Amino acid sequence: MEPGKRLFDGMRGRINESVLEAMARVPRDKFVPAQLRDRAYEDLPLPIGQGQTISAPHMVAIMCDLLDIRPGMKILEVGGGSGYHAAVLASLAGPEGQVFSVERRPDLALAARKNLQAAGIAGVTVVEGDGSLGLPEHAPYDRISVAASAPRVPEPLKEQLRVGGKMILPVGETSQELVLVTRKNGFAVEEKMGVIFVPLIGKEGFEERQI
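Treat the numbers as computed from the prediction; the structure is a model and nothing was measured.

1. Description of the nonpolar core
Side chains of nonpolar character tend, in soluble globular proteins, to be buried together. With 48 residues, the main nonpolar core has Phe-31, Tyr-84, Val-88, Ile-121 and Val-124 as its most contacted residues. Where this core is concerned, the elements lending two or more residues are α2 (17-24), β1 (46-49), α3 (57-67), α4 (84-93), α5 (106-118), β5 (124-128) and β8 (176-184). Element by element, the count of residues in this core is highest for α4, at eight residues. Those residues in contact with Val-88, other than ones at most four positions away along the chain, are Ala-22, Met-23, Val-26, Val-60 and Cys-64. Judged by nonpolar contacts, the second largest core, of 19 residues, contains Leu-76, Tyr-141, Val-146 and Met-167.

2. Here's the deal with the pairing of strand β7 (residues 161-171)
Within a regular strand, side chains alternate between the sheet's two faces. Bridge count for strand β6 (residues 141-146) against β7 is four bridges, and the pairing is parallel. In the strand pairing of β7, Ile-144 is matched with Met-167. The antiparallel hairpin formed by β7 and β8 contains four residues in its connecting segment, where Gly-172 sits at a positive phi of about 125°.

3. Points about the sheet that holds strand β9 (residues 186-195)
What the seven strands build is an open sheet, ordered β5-β4-β3-β6-β7-β8-β9; its pairing is mixed. Every other strand in the sheet has two partners, leaving β5 and β9 as the edge strands with one partner each. Strand-to-strand, the axes of this sheet are offset by a mean angle of 15°, without reference to chain direction. Contacting β3 (74-78), β4 (98-103), β5 and β6, α4 crosses the sheet at an angle of about 170° to β3. In this fold α5 packs onto β4 and β5, with an angle of close to 170° to the strand it touches most, β5.

What counts and what doesn't
Residues numbered from 1 in each chain as written. Predicted model: local features only at pLDDT ≥ 70, side-chain atom pairs only at ≥ 80, totals over all residues. Heavy atoms only, no water. Core = buried A, V, L, I, M, F, W, Y, C linked by side-chain atoms within 4.5 Å. Buried < 20%, exposed > 50% of the residue type's maximum accessible area, 1.4 Å probe, protein only. Helix = DSSP H or I, 4+ residues; strand = E, 2+ residues; numbered from the N terminus. Contact = heavy atoms within 4.5 Å. Pairing = 2+ DSSP bridges. Axes fitted to C-alpha atoms, helices over the stretch in contact; angles between N-to-C directions.

Purely geometric stuff here, so don't read any function into it on its own.
Below, the structure written as structure tokens:
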């Protein structure tokens, strides 16, 4: 049995089938460093350089499942990393959808573009910038996915979420919670589970620490 099939079979019954089908269309081995490609389908986060990681497949699946992405949606991703999560979002949004992925590190943004091209993924625009401020020029968004932990839900991201839209993000520093934000008449915030993510660095995030 292929490693990828084993991985996705293990999620069945817990994750919406449309999410698993979207993930199966994305070759995760194209988004990890060459020396780690034999581990691409392990359900673990893997390092991608500059202190960043590609999220474990089950976490990508959970976040996409909670967002309830439909074909044709416009999606903002904060924390582009290697481009893998954006690729899965694009797979869910389909050819009529559009994903804008913001990554603050130029080297990672460049690598993400190359990875997406190598994987044959269309519909993703990778932008260098402070993701904590969102990307107002393309707002409003149907869905927002944040792959780094913020001290609080950033106000600019709330403002850029369409009425009826949903945002998923981790919040907290030493203790983090994955929260789902829904915009209707105001904003509803639901805590979903404890998680561990790298910090969201930026004006509406944490200050960068010197190591």
